[in-house]
Amino acid sequence: MEKKVTIDIDGVAYYVPDQKNLVEAIRDLGLEIPTLCFYPHIQPPLGTCRVCMLQVNGHHVCGCESRAAEGMNIQLHTAELDDHRKAMVELTFAEGNHFCQACEKSGDCDLQGLGYQMGIGHGRFPHLFVDRLLDFRGRRLVIEPNRCILCQRCVQEIRTADDQPVFSIVGRGDHTQLQIDEALESCIPDEMALRATQICPTGAILYRGKSLSRTPGDRQYDVPTELTEQVDVIQLLKSARLDRKWRVATTSLAGCFGCHMSLLDIDTGLLDVVELIELDRSPLTDIKHISGRCDIGLVEGGCGSDENVHVLKEFREHCDVLVAVGECAIWGGLPAMRNMVPLDECLKEAYVRSGVPGLQQIPHHEDLPAMLDRVYACSEVVPIDFYIPGCPPGSPMMWQFIASILTGTSTSLIGKVFKYD
Ligand code: SF4
Ligand code: SF4
């Protein structure tokens, strides 16, 4: 008969099978513990992502590498542990090059799912933007190393009939990378090759000619974009109405104007908003310079040129509160796809090698903004007071947040309110 032991989790006693893997034991109890590399039948567990960190008898350990034993005292959810796990996921995003909007696994990616679950709207670590080339050597499988989190699931699971690993890890530090043995890859059956794309928690393994993408709404981590608490923005603004209109300035730096389109998405609600808010400099008013002190400045896009830096500094100087709106302003977003490639190469690719008739040289004129070496997050240039995540952030969420800042009320953007893609 299965032996059971008593363990204590966050002050509550539970009865679990002796020597049961702690991640599985905790989940069997209906409690939540996040994981990325964990895959139940890989033994011994990989323990590469460190996301299931908990405290056992006062020591930090990975849940997947620990087994239940009599009298264990486990801390599962403390503020410190939750933050530690969140930091591990943030580091994983910062270490790779994750452009979810352009990724086939988006919506079905475990890393992205954890980001949503943990409410990561703004990472605290700078992105490394290491240049990693796609590996096309496999007959069927292509490796996208920018999305690989080095979990090693594929290394353990994808093997030839005589148990030789098709994948291996090479290099050190920032340059550690997954490698494919193309000769062995050609030996595995098709089901095994497809399994590689499925076992990968991210979009790092692709299959030539087959798409991993599924329709939004049918994907594993699709959640309805809903505000947890619906707030009547107009009523909120009216309740704290000043003896003047609030002044708001907006700008789009290296972005696509999607966040501005989202601002307009409140449709007829705009008619009420303009009764309470006056727009200063903004693409919506076409006013070119901030004309006075503004209560709030909304910045879409990161800084990719000297002009972007100049505008951002003007906003910081003239706005009481400065908000980075959307992924591009928060960390660079899609324009930061060029950050892995030297600027000179980017410009040559766009203008010299483009094949567009008449475009054979890189434009150069003193009136043109000078491109920076890479796209910078707004917070790398000036202090930012608040962040509104999303690509683009949803309209109701944005207005709720703006109204909350203006009226000094609290709001939460955590949960089902933003999307990375
Ligand atoms: S969906 Fe996942 S793998 Fe793809 S870019 Fe986003 S986080 Fe990376
Ligand atoms: S390719 Fe996927 S499964 Fe393999 S190590 Fe990278 S993230 Fe893990």
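Everything that follows concerns the structure shown earlier in this document.
Below is a summary of the structure that appears in this document. (Residues numbered from 1 in each chain as written. Chains lettered and ligands numbered in written order. Predicted model: local features only at pLDDT ≥ 70, side-chain atom pairs only at ≥ 80, totals over all residues. Heavy atoms only, no water.)

1. Notes on the layout of surface pockets
Step number 1: Of the volumes computed, that of the largest pocket is approximately 460 Å³.
Step number 2: Lining the largest pocket are 23 residues, and of these Gly123, Phe125, His127, Ile330 and Trp331 lie nearest its centre.
Step number 3: At the level of secondary structure, the elements contributing two or more residues to the lining of the largest pocket comprise helix H2 (79-95) and helix H11 (326-331).
Step number 4: Counting contributing residues per domain, the lining of the largest pocket is built from domain 2 (97-207) and domain 3 (233-407), each supplying no fewer than three. (1 Å grid on protein atoms, 1.4 Å probe; cavity = no way out; pocket = protein on both sides within 12 Å on 5 of 7 lines; lining within 4 Å. Points joined across faces, edges and corners; volume = space filled by probe spheres on them. Helix = DSSP H or I, 4+ residues; strand = E, 2+ residues; numbered from the N terminus. Domains from an automatic or database assignment.)

2. Looking at the nonpolar core
Step number 1: Grouped together as the largest cluster of nonpolar side chains are 44 residues, with contacts concentrated most on Val89, Leu237, Ile277, Ile296, Leu298 and Val323.
Step number 2: Core analysis: the second largest hydrophobic core is formed by 26 residues, Val299, Ala329, Ala336 and Ile384 among them. (Core = buried A, V, L, I, M, F, W, Y, C linked by side-chain atoms within 4.5 Å. Buried < 20%, exposed > 50% of the residue type's maximum accessible area, 1.4 Å probe, protein only.)

3. Observations regarding helix H3 (residues 110-118)
Step number 1: With respect to burial, H3 is a largely interior element, eight of its nine residues being buried.
Step number 2: Turning to H3, its buried residues number three or more, namely Asp110, Leu111, Gln112, Gly113, Leu114, Gly115, Tyr116 and Met118.
Step number 3: Contacts from the buried residues of H3 go to H2 and helix H4 (153-157).
Step number 4: One or two steps after H3, the chain reaches glycine 119, where phi turns positive at roughly 70°. (Contact = heavy atoms within 4.5 Å.)

4. Considerations on the pairing of strand S8 (residues 177-180)
Step number 1: Burial of the side chains of S8 is restricted to one face: Leu178 and Ile180 are buried, whereas none of Gln177 and Gln179 on the reverse face is.
Step number 2: Where strand S7 (residues 167-170) meets S8, four bridges bridge the pair, whose relative direction is antiparallel. Bridge pairing links phenylalanine 167 to isoleucine 180 in S8. (Pairing = 2+ DSSP bridges.)

5. What to know about the site of ligand 1
Step number 1: Residues in close proximity to ligand 1 include Phe93, His98, Phe99, Cys100, Cys103, Ser106, Cys109, Leu111, Gln112, Arg147, Thr202 and Gly203, which together make up its full environment.
Step number 2: Considered class by class, the residues forming the shell around ligand 1 number six nonpolar, five polar and one charged. (Near = heavy atom within 4 Å. Nonpolar A, V, L, I, M, F, W, Y, C, P; charged D, E, K, R; others polar.)

6. Re the state of the cysteines
Step number 1: Under the definition given, this model contains zero disulfides.
Step number 2: This cysteine, cysteine 319, is not joined by any disulfide, and cysteine 294 carries the nearest cysteine sulfur, 4.8 Å off. (Disulfide = S-S within 2.5 Å.)

7. Observations concerning the sheet that holds strand S10 (residues 246-252)
Step number 1: Strand order in the open sheet formed by five strands is S11-S10-S12-S14-S16, and the pairing between neighbours is parallel. With partners counted over all chains shown, the strands left at the sheet margins are strand S11 (277-279) and strand S16 (386-388), one partner each. Neighbour-to-neighbour, the strand axes of the sheet open up by a mean angle of 30°, direction not taken into account.
Step number 2: Here helix H9 (residues 269-276) sits on the sheet and contacts S10 and S11; the angle it forms with S11, its principal contact strand, is near 90°.
Step number 3: Packed on one face of the sheet, helix H10 (residues 306-318) meets S10, strand S12 (294-300) and strand S14 (319-325) and runs near 135° to S14. (Axes fitted to C-alpha atoms, helices over the stretch in contact; angles between N-to-C directions.)

8. A look at the packing of aromatic side chains
Step number 1: A full pass over the atoms with the stated rule returns two aromatic pairs.
Step number 2: Here phenylalanine 99 and tryptophan 331 contribute two aromatic rings whose centre-to-centre distance is 5.6 Å and whose plane-to-plane angle is 35°, an arrangement assigned as tilted. Taken together, the residues phenylalanine 99 in the loop between H2 and H3 and tryptophan 331 in helix H11 connect sequence positions 232 residues apart. For the residue pair phenylalanine 99 and tryptophan 331, the accessibility class agrees, reading buried in each case.
Step number 3: When the ring of phenylalanine 386 is compared with that of phenylalanine 401, the centres are 5.8 Å apart and the planes differ by 80°; the resulting orientation is edge-to-face. Residue phenylalanine 386 is found in strand S16, and its partner phenylalanine 401 is found in helix H13 (residues 395-407); the two are separated by 15 residues along the sequence.
Step number 4: Residue classification places phenylalanine 401 among the buried positions, given a relative accessible area of 8%. (Phe/Tyr/Trp six-rings, centres within 6.5 Å; stacked < 30°, edge-to-face > 60°.)

9. Topic: the pattern of salt bridges
Step number 1: For the coordinates displayed, the defined rule picks out 28 salt bridges.
Step number 2: Glutamate 182 is the partner of arginine 137 in a salt bridge, and the nearest nitrogen-oxygen pair spans 3.6 Å. Of this pair, arginine 137 sits in the loop between H3 and strand S6 (141-143) while glutamate 182 sits in helix H5 (residues 182-185), placing them 45 residues apart in sequence.
Step number 3: As a salt-bridge pair, aspartate 385 and arginine 316 come within 3.1 Å of each other at their nearest N and O atoms. Of this pair, aspartate 385 sits in the loop between strand S15 (371-376) and S16 while arginine 316 sits in helix H10, and the two are 69 residues apart along the sequence. (Salt bridge = Lys/Arg side-chain N within 4 Å of Asp/Glu carboxyl O.)

From the geometry alone we can't say anything about function, so treat these as descriptive.
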